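Reading the structure
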Amino acid sequence: MSEIKTQASDADVTAFLEAATPQRRREDGLALAEIFREVTGAEPVMWGPSMVGYGSYRYVSPSDPRRRGEWPKTAFSPRKAQLSLYGLKDLPAGAELLPELGKFTEGAGCVYVKKLDDIDLDVLRRLIAIAWGRGDDPLP
């Protein structure tokens, strides 16, 4: 079984966020860091080279129970084209609330937002809180 490539590291979160481009993405990334910290009460940790994560949980892949690992409960990345938000739609309560977020698109495991002005930050806070409450997946 291969090891998952995206893992927590001791890389400097602030340096990563301050280096984000363009400037709008940097500003939104720093604002997201404050929102996630406020909701979770946790300090951010870099996961891989570009994800800012909060907390972690043990997952078991539903398609292959032998594939297991640790993943952030919730995370974001200020990518050049958009903000990627992770963990917001994984739980039923988050998936149900997601349509109220505002203007976004979805990927397989994340939500994409062009800019924070496009979404309701109170709904975002609620989605982060739901994701933060996630426990470990049960072992098969």
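Everything that follows concerns the structure shown earlier in this document.
Report on the accompanying structure. From a predicted model like this one, the values you see are computed outputs, not experimental measurements.

1. Structural notes on the environment of E38
On the secondary structure map, E38 appears in helix 2 (residues 23–40). On the basis of relative accessibility, which here comes to 53%, the residue E38 falls in the exposed class. Sequence separation between E38 and R125 is 87 residues, and the spatial gap between their C-alpha atoms is 8.8 Å. Of the polar contacts made by the side chain of E38, one reaches the side chain of R125; its length is 2.8 Å.

2. A word on helix 4 (residues 121–132)
Quick reminder: α-helices carry 3.6 residues per turn. Residues three or four places apart thus point the same way. Its 12 residues give helix 4 an end-to-end C-alpha distance of 16 Å, which sits within 8% of 16 Å, the value for a rise of 1.5 Å per residue. The set of residues buried in helix 4 consists of V123, L124, L127, I128 and A131. All buried residues of helix 4 project into a common sector of 140 degrees when viewed along the axis, lining one side. Turning to helix 4, the residues buried within the fold contact helix 2, strand 5 (74–78), strand 6 (83–86) and helix 3 (92–97).

3. Structural notes on the sheet that holds strand 8 (residues 110–113)
Pairing within the open sheet is antiparallel, and its six strands lie in the order 1-2-5-6-8-7. The sheet is open, and its two edges are formed by strand 1 (45–47) and strand 7 (105–106), each paired on a single side. Here strand 7 runs beside strand 8; their pairing, made up of two bridges, is antiparallel. The residue of strand 8 that forms the bridge with E106 is V111. Across the sheet, helix 2 touches strand 2 (51–54), strand 5 and strand 6, and the angle it forms with strand 5 is around 170 degrees.

4. Digging into the environment of V113
You can see V113 is positioned in strand 8. Separated by 11 residues in the primary sequence, V113 and G102 have C-alpha atoms spaced 9.0 Å apart. The residues contacting V113, other than those within four sequence positions of it, are Q82, L83, L85, K103, F104 and I119.

5. Section: the pairing of strand 8
Two strands pair when backbone bridges link them, and strand 6 and strand 8 are joined in this way by four bridges, in the antiparallel orientation. In the strand pairing of strand 8, L85 is matched with V111. The loop that links strand 7 with its antiparallel partner strand 8 comprises three residues.

Conventions we followed
- Residues numbered from 1 in each chain as written.
- Predicted model: local features only at pLDDT ≥ 70, side-chain atom pairs only at ≥ 80, totals over all residues.
- Heavy atoms only, no water.
- Helix = DSSP H or I, 4+ residues; strand = E, 2+ residues; numbered from the N terminus.
- Buried < 20%, exposed > 50% of the residue type's maximum accessible area, 1.4 Å probe, protein only.
- Polar contact = N/O pair within 3.5 Å; in protein donor to acceptor, adjacent residues only side chain to side chain.
- Expected span 1.5 Å × (residues − 1).
- Arc of directions from axis to C-beta.
- Contact = heavy atoms within 4.5 Å.
- Pairing = 2+ DSSP bridges.
- Axes fitted to C-alpha atoms, helices over the stretch in contact; angles between N-to-C directions.

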